[in-house]
Amino acid sequence: MAGGTGRAWLAACAMGAVLVPALTACITGDATERAAPRSVQSVSTARRAQLERGGTARWAVDALPATLNAYQFEADAVTDRVAGAVLPSLFTLDAEGRPQLNTDYLRSAEITEREPRQRVVYTLDPDARWSDGTPIGADDFIAQWKALNGEDKDYWSARNVGYDRIEKVRKGPERHQVEVTFTRPYADWKSLFTPLYPRAVTGDADAFNDGARTELPVSGGPFEVADVDGEAGTVTLERNDAWWGDPALLDELVLAAVPRAERRAALAAGELDIAEVTPGDAERITAARRTASAAAPDADDGKQPPPAAPSAADALGDLARARLEGEEVEAAAERYRDAYADAEHARERQWATREEADREAMSHLVVHRAFDPSWTQLTLNGTSPALTDERVRWAVARAVDRAALAEAVHGPADLPATPLGSHLRTLGQAGYRDNSAAIGETGTASAAGLLDDAGWLMPGAGAKAGRDGDAKPGAAAPAPLNAAGPATAASAALLRQSAAAERAAGDDDAAARTERRAEAAERRAAELAEAAATPPRTKDGAPLELRFVLPDGADAAPLRAAARRIAAMLATVGIRAVTAEVDADRYFEEHIATGDFDLALFSWPATAYPATDARPLFRKPRELPGGVLRVEQNYARIGTDYVDQLLDQAAGELDEKEHAALLDRADARIWAAAGSLPLYQRPQLVAVRDTLAGAGAFGLQTPRYQDIGHRR
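Residues numbered from 1 in each chain as written. Predicted model: local features only at pLDDT ≥ 70, side-chain atom pairs only at ≥ 80, totals over all residues. Heavy atoms only, no water.

Peer 1: Describe the packing of helix α13 (residues 402-410) against helix α17 (residues 557-571), listing the residues and the values that go with them.
Peer 2: One can describe the packing of α13 onto α17 by two numbers: an axis separation of 11 Å at closest approach and a directional angle of 155 degrees. Our classification of the angle between α13 and α17 gives roughly antiparallel. Crossing of α13 over α17 shows right-handed handedness. Of α17, the residues touching α13 (which contributes Ala404, Leu405 and Ala408) are Ala562, Arg565, Ile566 and Met569. Here the residues of the contact of α13 with α17 are counted per class, giving 6 nonpolar, no polar and 1 charged. (Axes fitted to C-alpha atoms, helices over the stretch in contact; angles between N-to-C directions. Helix = DSSP H or I, 4+ residues; strand = E, 2+ residues; numbered from the N terminus. Parallel < 35°, antiparallel > 145°, perpendicular 65-115°, else oblique. Left-handed = near helix turned anticlockwise from the far one by under 90°. Contact = heavy atoms within 4.5 Å. Nonpolar A, V, L, I, M, F, W, Y, C, P; charged D, E, K, R; others polar.)

Peer 1: Summarise the pattern of salt bridges; cite the residues concerned and give the values.
Peer 2: Taken as a whole and judged by the stated rule, the model has 39 salt bridges. For Glu96, the salt bridge is made with Arg98, and the minimal N-O distance between the two is 3.4 Å. As a salt-bridge pair, Arg630 and Glu632 come within 3.4 Å of each other at their nearest N and O atoms. Residue class for Arg630 comes out partly exposed when judged on its relative accessible area of 44%. Connected through shared salt-bridge partners, Asp62, Arg260, Arg263, Glu276, Asp372 and Arg682 make up one network. (Salt bridge = Lys/Arg side-chain N within 4 Å of Asp/Glu carboxyl O. Buried < 20%, exposed > 50% of the residue type's maximum accessible area, 1.4 Å probe, protein only.)

Peer 1: Account for unusual backbone geometry, naming residues and giving values.
Peer 2: At the junction of Glu115 and Pro116, the peptide bond is cis and its omega measures out at -5 degrees in the coordinates. By secondary structure assignment, the location of Pro116 is in the loop between β6 (106-113) and β7 (119-124). Phi at Glu632 takes a positive value of approximately 55 degrees, unusual for a residue other than glycine. Tracing the sequence through the fold places Glu632 in the loop between β22 (629-630) and α21 (641-652).

Peer 1: Before we move on, can you summarise the side chain of Asn209 with the specific residues and values?
Peer 2: The residue Asn209 is located in helix α7 (residues 205-211) in this model. In terms of polar contacts, Asn209 uses its side chain to reach the backbone amide nitrogen of Trp156, at 2.9 Å. Ignoring anything within four residues of it in the chain, the contact list for Asn209 reads Gln72, Asp154, Tyr155 and Trp156. (Polar contact = N/O pair within 3.5 Å; in protein donor to acceptor, adjacent residues only side chain to side chain.)

Peer 1: Can you break down the nonpolar core residue by residue, with the values?
Peer 2: Grouped together as the largest cluster of nonpolar side chains are 68 residues, with contacts concentrated most on Tyr122, Phe141, Ile166, Phe193 and Phe223. Not counting the four nearest positions on each side in its chain, Tyr122 is found in contact with Leu90, Leu106, Ser108, Ala109, Phe141, His176, Gln177, Val178, Val180, Trp189 and Phe193. In this structure, Ala266, Leu267, Tyr432 and Val549 belong to the second largest nonpolar core, which totals 47 residues. (Core = buried A, V, L, I, M, F, W, Y, C linked by side-chain atoms within 4.5 Å.)

Peer 1: Just give me the short version of α17, but keep the residues and values in it.
Peer 2: Between its first and last C-alpha, α17 extends 21 Å over 15 residues, near the 21 Å set by a 1.5 Å rise per residue. Of all 15 residues making up α17, 12 are buried, and the element is well covered by its neighbours. Looking only at α17, the buried set comprises Leu559, Arg560, Ala561, Ala562, Ala563, Arg565, Ile566, Ala567, Ala568, Met569, Leu570 and Ala571. (Expected span 1.5 Å × (residues − 1).)

Peer 1: I'd love a proper account of the packing of aromatic side chains, names of residues and values included.
Peer 2: Scanning the model with the defined rule gives 20 aromatic pairs in all. Both rings, one in Tyr122 and one in Phe193, keep their centres 6.2 Å apart while their planes meet at 85 degrees; by these two values the pair is edge-to-face. In this pair, Tyr122 sits in strand β7 while Phe193 sits in the loop between β9 (177-182) and α6 (199-202), placing the two residues 71 residues apart along the sequence. Ring centres 6.1 Å apart and planes at 75 degrees place the aromatic pair Phe602 and Tyr635 in the edge-to-face group. One end of the pair, Phe602, is in strand β20 (residues 599-605); the other, Tyr635, is in the loop between β22 and α21, and 33 residues separate them in sequence. Judged on exposure class, the residue Phe602 and its partner Tyr635 are both buried. In this structure an aromatic cluster arises from ring pairing among Phe91, Tyr122, Phe141, Tyr163, Trp189 and Phe193. (Phe/Tyr/Trp six-rings, centres within 6.5 Å; stacked < 30°, edge-to-face > 60°.)

Peer 1: I'd like a description of the sheet that holds strand β18 (residues 545-551), backed by residues and values.
Peer 2: Strand order in the open sheet made by the 5 strands is β19-β18-β20-β15-β23, with mixed pairing throughout. What marks the edges here is a single partner per strand, and that holds for β19 (576-582) and β23 (676-680). Strand-to-strand, the axes of this sheet are offset by a mean angle of 35 degrees, without reference to chain direction. Summarising the sheet, strand β15 (residues 374-380) and β23 pair through 4 bridges and their orientation is antiparallel. Residue pairing in the sheet places Thr376 in a bridge with Tyr680 of β23. (Pairing = 2+ DSSP bridges.)

Peer 1: Give me the lowdown on the pairing of strand β8 (residues 166-171), citing residues and values where you can.
Peer 2: Where β8 lies against β9, 5 bridges are found, and the strand directions are antiparallel. Bridged to Ile166 within β9 is Phe182.

Peer 1: Which residues make up helix α12 (residues 390-399), and what values go with them?
Peer 2: Among the 10 residues that make up α12, 8 are buried, leaving the element largely enclosed by the rest of the structure. Taken together, the buried positions of α12 are occupied by Val392, Arg393, Trp394, Ala395, Val396, Ala397, Arg398 and Ala399. Residues of α12 that are buried in the fold lie against β15, α14 (444-453), β18, α17, α22 (656-673) and β23.

Peer 1: Could you give an account of the sheet that holds strand β25 (residues 692-693), naming the residues involved and the relevant values?
Peer 2: Backbone hydrogen bonds hold the strands of a sheet together, and the pairing may be parallel or antiparallel. Taken in spatial order, the 3 strands line up as β2-β27-β25 in an open sheet, and their pairing is antiparallel. Looking at strand neighbours, the two that pair on one side only are β2 (51-52) and β25, the edges of this open sheet.

Peer 1: Give me the packing of α12 against α14: which residues, what numbers.
Peer 2: Put simply, α12 and α14 touch, their axes get as near as 8 Å, and they point 165 degrees apart. One element, α12, and the other, α14, form an angle in the roughly antiparallel class. Regarding α12 and α14, the two cross each other, and that crossing is left-handed. Residues Arg391, Val392, Trp394, Ala395, Arg398 and Ala399 of α12 touch α14, and the partners they reach there are Ser446, Ala447, Leu450, Leu451 and Asp453. Looking at the contact of α12 with α14, its residues break down into 7 nonpolar, 1 polar and 3 charged.

Right, here's the structure in full:
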């Protein structure tokens, strides 16, 4: 899970009167904004008594995990999924992202003292033990604290936040208790020791660094790692028979690396049972389920098939011979026309049969839809020459129509079109508040006014370019040719035709969805056309041009589509965004981390602990000896001391109401800095076989892997 940080009070206060009223307005009031319930999560549920014990479920993942150690730099979402199924999680998250005591491991966990030191006592379930029979206890807590607190440099851990605040860990005053004492208050203490690794991993640096990459010595969850097969691209989890809680219903849970473009076919072929799919595939699966025919295939009536007609190839040969011989040419031509027509009809029937079989297979799948627990944002590089001026950053933020971007992403996925209004919480999350008013009044007029004030002027009437070809102040620089506008207009026309065909076939629901997509395409075509006709602003002879760096490849296609829309929006106020596609595998390492961009799009994972996890994302960069800038994960390279202070205070505030207020104040200041612009949460569309329960689009909620099973 990504981290995060804050920014500063002094710099935020110096931003000027333009934003101060908005900052005040956005952090007052009692209303908490929530996403529509259906966008939070969608999971196929059933009582355990309705499910059978046994069987296998195959779950698609993007790639095999580089490590099974969730505390290493290479850990990813698949690492977390494995850890959630095989290791203790002291607290899990509910649908609104609130930490909940996991009673499989804990009888209780509470703050027993606040002064002079915060003290937390965990009371473990007496039956909790590792799969080798060793009780889970204080020794495991102590080993993990020492491995992750940053003092022992032999441990290659990705982070030590939280563990560095612990003064000591020891056995509690009673049996099955663990007592943790902190050096200073820590509000996110529930994030610690989840997952909890056995001391066989955390008690030895070599085991921690290398041994836990492909195997775990023991399990402490409902499943255990049976095999990691790099050649087959699978991680196989088997039921842990030593597990003391509700036993896993499945014999095996197989995580299989399958490219997204291949998942629909794999689902239809029965090779997958759970898979996140694209909006297009989700629509096909939903349509197949809606229109699947209940009629059984006709039984064989025992009649002999009619004699085969001559093939088109044979008929063509006959026609060629007839023409050479000059005899019965018309009869041969007629036979060829008939044979060709029969062949075409046969191909159509064969295609229809395959399509029907595909629809039948997909009709046994259900698509679950929710907002993904991650958020896509536009990063503005504060060290880029034009973007060092906060007025230009504010202009970019105000010119981008976030609601239109959300509609373009959420509409095709049949989700409520809702832009994200927070850097620290996501839609539907407990405590979510839209603080985006801190960027001030949005729209082209406001953005244009800021650019005028910053000295970036639109081309003046009658102004001419200099002889050297550079645009002079007030002169128009020619807009680059762009084929995206005509292509988008053509796409809109095709969508209109598809909608008409669907409506003629009686599928009004599908037609309505296609018409919405056509309307969005028409709006985007108009935006692109306007952008192509709008020259950029200039200042001191230089055009206002920003390099928009994006990853290549099919998986990043939605990002590039969003970037085109953003570029069109910026063009309407005289900002030219020039897109540059780079190798996706090197996108972060060679471009984002090094600051080789002006604008960039990427996502951050959601978190239940923003005071901790948001700090490295927003902490004010610090200059190190030699002039090197330490940015952590703050790739905008913009920060303020005040936001740092607010997030630090929130991390140490044990009063939940005050903790939430500090986070909202920090978020408003992050908006005001205009280094990161939250746009939307991408759709989480998960196809699940209809015979399987306990799986779906979980959103923020922690899955209960032991409850995934086949219906009786």
